[in-house]
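# Analysis of the macromolecular model
One letter stands for each residue in the lines below.
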Amino acid sequence: MRFVIASLAFALSASAAAAETCGNTADGFKPFIQQMKQEAAAAGVSKRSIAVLDTVTYDTAIIKRDRGQSIFSDSFLTFQKKMISAGRLARAKSQIEKYQDVFDRVQKQYGVPPPVIAAFWALETDFGAVTGDFPTIQSIATLAWDCRRPEKFRPQLIASLQLLDKGDLTLAEFKGAWAGEIGQTQFMAYDYNESAVDYDGDGKRDLRNSVPDVIASTANLLRKHGWEPNQPWIQEVKVPAQLPWKEADIAIKHPRSQWAKWGVTAVSGNPIKADTMEASLLLPMGRNGPAFLAYHNFTKAYLKWNESLVYSLTAAYLATRIAGAPPVSPGRAPVNHPTYEKIVELQTKLEGLGYDVGKLDGKIGKGTRLAVKDQQMKLNLPADSYPSVEVIAAILKSNVHGHLPPEATQPDSDMDQDQETQQQPVQPVQQPVQKPKPLKPAKQAVQPEPPQEPEQLETSDGSTLPDLPAEGPIPSKKTKKKAVILPESADQGTSEGDSLY
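Residues numbered from 1 in each chain as written. Predicted model: local features only at pLDDT ≥ 70, side-chain atom pairs only at ≥ 80, totals over all residues. Heavy atoms only, no water.

## Some details on the packing of aromatic side chains
Here the distance between the centres and the angle between the planes together describe a pair of aromatic rings. Heads up, the rule is: What counts as a ring pair is set by centres within 6.5 Å for rings of Phe, Tyr and Trp (its six-membered ring), and what kind of pair is set by the plane angle: stacked under 30 degrees, edge-to-face over 60, tilted for all other angles. Buried means the residue's accessible area, taken with a 1.4 Å probe over protein chains only, is under 20% of the maximum for its type, while exposed means over 50%, and partly exposed covers the values in between.
The full count for this structure, using the stated rule, is 14 aromatic pairs. Centre to centre, the rings of Trp 227 and Trp 233 are 5.9 Å apart; their planes meet at 40 degrees, and the pair counts as tilted. Trp 233 carries the same exposure label as Trp 227, and that label is buried.

## Comments concerning the confidence of the model for the chain
To keep things clear, this is the line we draw: Residue-level confidence of the predictor, termed pLDDT, takes values from 0 up to 100. By definition, residues are in contact when any of their heavy atoms lie within 4.5 Å.
Confidence in the prediction for the chain averages 82 pLDDT; 76% of positions are at 70 or higher. A low-confidence stretch, residues 2–20 stays under pLDDT 50, and its non-local contacts, those more than four residues away or across chains, total 70 contacts. Between residues 412–501, whose pLDDT stays under 50, and residues either more than four places distant or in other chains, the model counts 306 contacts.

## What to know about the sheet that holds strand β7 (residues 291–294)
Within a sheet, each strand pairs with its neighbour through backbone hydrogen bonds, oriented either parallel or antiparallel. Defined as follows: What makes two strands pair is DSSP finding at least two bridges between them. Where helices and strands are cited, they refer to DSSP runs of H or I of at least four residues and of E of at least two residues respectively, numbered from the N terminus.
With antiparallel pairing, the five strands of this open sheet are ordered in space as β4-β6-β7-β3-β5. Each end of this open sheet is capped by a strand with a single partner; those strands are β4 (254–255) and β5 (265–266). Where strand β6 (residues 278–282) lies against β7, three bridges are found, and the strand directions are antiparallel. Directly across from Ser 280, in β7, lies its bridge partner Ala 294.

## Let's talk about the side chain of Lys 37
To keep things clear, this is the line we draw: The definition of a polar contact used here is a pair of N or O atoms within 3.5 Å, where within protein one atom must be able to donate a hydrogen and the other to accept one, and adjacent residues in sequence count solely through side-chain atom pairs.
On the secondary structure map, Lys 37 appears in helix α3 (residues 29–42). By relative accessible area, which is 17% here, Lys 37 ends up buried. A polar side-chain atom of Lys 37 sits 2.7 Å from a polar atom in the side chain of Asp 54.

## Points about the nonpolar core
Within soluble globular proteins, side chains that are nonpolar generally end up buried alongside one another. Our working rule: Among buried residues, the Ala, Val, Leu, Ile, Met, Phe, Trp, Tyr and Cys ones that are joined through side-chain atoms within 4.5 Å form a nonpolar core.
In this structure, Val 106, Val 116, Ile 137, Ile 215, Phe 298 and Tyr 302 are the most contacted members of the largest nonpolar core, which totals 93 residues. Apart from the residues lying within four places of it in its own chain, the contact partners of Ile 215 are Tyr 99, Val 102, Phe 103, Val 106, Ile 117 and Trp 121. Core analysis: the second largest hydrophobic core is formed by 15 residues, Trp 245, Ala 248, Ala 279 and Leu 281 among them.

## Quick notes on helix α13 (residues 211–225)
Spelled out, the test is: For a helix, the expected span equals 1.5 Å multiplied by the number of residues minus one.
Taking 1.5 Å per residue as the helical rise, α13 with its 15 residues ought to reach 21 Å, and the 21 Å between its terminal C-alpha atoms agrees with that figure. Among the 15 residues that make up α13, 14 are buried, leaving the element largely enclosed by the rest of the structure. Gly 226, located one to two residues past α13, shows a positive phi value of around 120 degrees.

## Quick notes on the packing of helix α9 (residues 114–125) against α13
Rules: Axis lines are fitted to C-alpha atoms, over the contacting stretch for helices. Their N-to-C directions set the angle, which ranges from 0 to 180 degrees. With respect to orientation, any angle under 35 degrees is reported as roughly parallel, any angle over 145 as roughly antiparallel, any angle of 65 to 115 as roughly perpendicular, and every other angle as oblique. Ten residue types, Ala, Val, Leu, Ile, Met, Phe, Trp, Tyr, Cys and Pro, are classed as nonpolar, four, Asp, Glu, Lys and Arg, as charged, and the remainder, Gly among them, as polar.
Packing of α9 against α13 leaves a shortest axis separation of 10 Å and a crossing angle of 110 degrees. Accordingly, the angle class assigned to the pair α9 and α13 is roughly perpendicular. Residue-level contacts link Val 116, Ile 117, Phe 120 and Trp 121 of α9 to Val 211, Val 214, Ile 215, Thr 218, Ala 219 and Leu 222 of α13. Classifying every residue of the contact of α9 with α13 gives nine nonpolar, one polar and no charged.

## Looking at the pattern of salt bridges
Note the following rule: Salt bridge criterion: a side-chain nitrogen from Lys or Arg within 4 Å of a carboxyl oxygen from Asp or Glu.
Within the structure shown, the criterion is met by 17 salt bridges. Across the salt bridge formed by Asp 54 and Lys 37, the nearest N and O atoms sit 2.7 Å from each other. Of the two residues, Asp 54 sits in the loop between α4 (47–50) and α5 (60–67) while Lys 37 sits in helix α3, which places them 17 residues apart along the sequence. As a salt-bridge pair, Arg 105 and Asp 101 come within 3.3 Å of each other at their nearest N and O atoms. Taken together, the residues Arg 105 and Asp 101, both in helix α8 (residues 100–110) and four residues apart, mark about one turn of the helix. Residue Arg 105 is classed as partly exposed on the basis of its relative accessible area of 38%.

## Quick word on the state of the cysteines
Heads up, the rule is: In this description, a disulfide is simply a cysteine sulfur pair whose atoms lie within 2.5 Å.
Enumeration over the complete set of coordinates arrives at one disulfide. Here Cys 22 engages in a disulfide with Cys 147; their sulfurs sit 2.0 Å apart. Because the torsion about its S-S bond is 100 degrees, the bridge between Cys 22 and Cys 147 counts as right-handed. Taken together, the residues Cys 22 in the loop between α2 (16–20) and α3 and Cys 147 in the loop between α10 (136–145) and α11 (150–166) connect sequence positions 125 residues apart. Taking relative accessible area as the criterion, Cys 22 reaches 29% and is therefore assigned partly exposed. Of the residues examined, Cys 147 reaches a relative accessible area of 29% and is grouped as partly exposed.

## Here we look at the environment of Val 264
Positionally, Val 264 belongs in the loop between α14 (256–261) and β5. Residue class for Val 264 comes out buried when judged on its relative accessible area of 2%. With 29 residues separating them in the primary sequence, Val 264 and Leu 293 have C-alpha atoms 9.3 Å apart. Look past the residues within four positions of Val 264 in its chain and what remains in contact with it is Val 237, Lys 238, Val 239, Pro 240, Leu 243, Trp 259 and Ile 272.

## Observations regarding the environment of Gly 402
Within the fold, Gly 402 resides in the loop between α19 (389–396) and β8 (484–485). Between the alpha carbons of Gly 402 and Ala 371 there is a distance of 7.9 Å; along the sequence they are 31 residues apart. The contact partners of Gly 402, leaving out residues within four places of it in the chain, are Leu 353, Gly 354, Tyr 355, Asp 374 and Lys 378.

## Notes on the side chain of Arg 205
Here Arg 205 lies in the loop between α12 (189–195) and α13. Among the residues examined, Arg 205 registers a relative accessible area of 13% and is labelled buried. Side chain to side chain, Arg 205 and Asp 168 meet in a polar contact 2.8 Å long. Residues contacting Arg 205, with those up to four places away along its chain left out, are Leu 163, Lys 166, Asp 168, Tyr 192, Asn 193, Ala 196, Val 197, Asp 198 and Asp 213.

## Concerning α8
We apply this condition: Of all possible arcs, the one meant is that of the directions from the helix axis to the C-beta atoms.
Three or more residues of α8 are buried, namely Val 102, Phe 103, Val 106, Gln 107 and Tyr 110. Take α8 and look down its axis: the buried residues cluster within an arc of 130 degrees, on one side only. Exposed residues lying more than 90 degrees from the buried face of α8 are Asp 101 and Lys 108. Phi turns positive one or two residues past the end of α8, at Gly 111, with a value near 80 degrees.

Shown next, in the form of structure tokens:
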């Protein structure tokens, strides 16, 4: 699942050794473990749980898996086709029917509808069929030592020991996906600590075996991420041939009345509601591909669950399919999506032109999209932020330099967060460092007052999904990000899938 990133502040606020020492081999791993034992003790972890670190070893198989990911470079249409099958849709509906009473009670308490929960349950582990059998603490320790993302995994290592202290999982049960995710909807240790719910009342928060605990915990985490009851998450739409494409950006919101004026309609061609509800126009494959209006629940809850745009959109789209929406439209024209290697070549070129696009990882992340958009505007191309093969060819010939501030490469899930309410994953003893303020788009619509009436999600045929009952608000906390996603082969239980980590 997702893993709200432990901020780079961890690397800055931890001791000099913790912030600066890492390795790409087993050399130095044992001294690192000794250091983490000291930090765990300072965080109040028991000696019994700390002793577990004496049994862990550096796992080269975990590093190999971490380096071998490329599924997140797929286009949205390719990715969703791998992840969504007729069998998965049928199983999702069957699980909702089987546990209808639990889903109903959870929806009443947390305001998260069954299709949203079932979609994550399907994508993460195929309803518990493939949760992973890797020793969690060893996996996290290996990734915490690795130089690629130690700031994300070192807090999780402390959190995993704290979770072991609480007794929700025994050491024998502490197994999951290769990147440390645990349970049927793949919680990282920090989220397990903070958001897991004992919903069956047996005195144990069991996300491996208790379906009621899984359903309620998933809803609780989404609510803490910012989920608003009775509100939509995405709506598939159709865009006209001409539109101010630079406004089509996940970071830019306009009232639906403005999108309607610009010619955006329901995918069926029916008018969308021309009201004051704000939405972003999301074009995952550019102006010629599928199009969606993305609402607060998408930009907040979904992108906190998993900052990968292609994953989060697939999860949100799958939820609409479970709720009865038809298959997605491919758009108005064929789209030439680049290969992984071509995206890396683009990122390398953009870096050479002065852009900070983050890691050269072959994934079309926030920094890459913003840099592409900037180049499209400089080259007088439609600025839809999408690096089609044709756009990449033009940028590779470009000599026009540009610049994006460092915050442009912050994860999508950090956009528009209130810094005062963000909570960092467990820090040993030092105080966290304030995160830089997220990038604010240059063009924003005047912020209208939000609608007071519950909103319904409109499907492509103009019908609406059911109202979503809710209870009072739940305090928001920043948590973590993770993801084990199961491709089509997982329908037969033959693959563990990939992890965003």
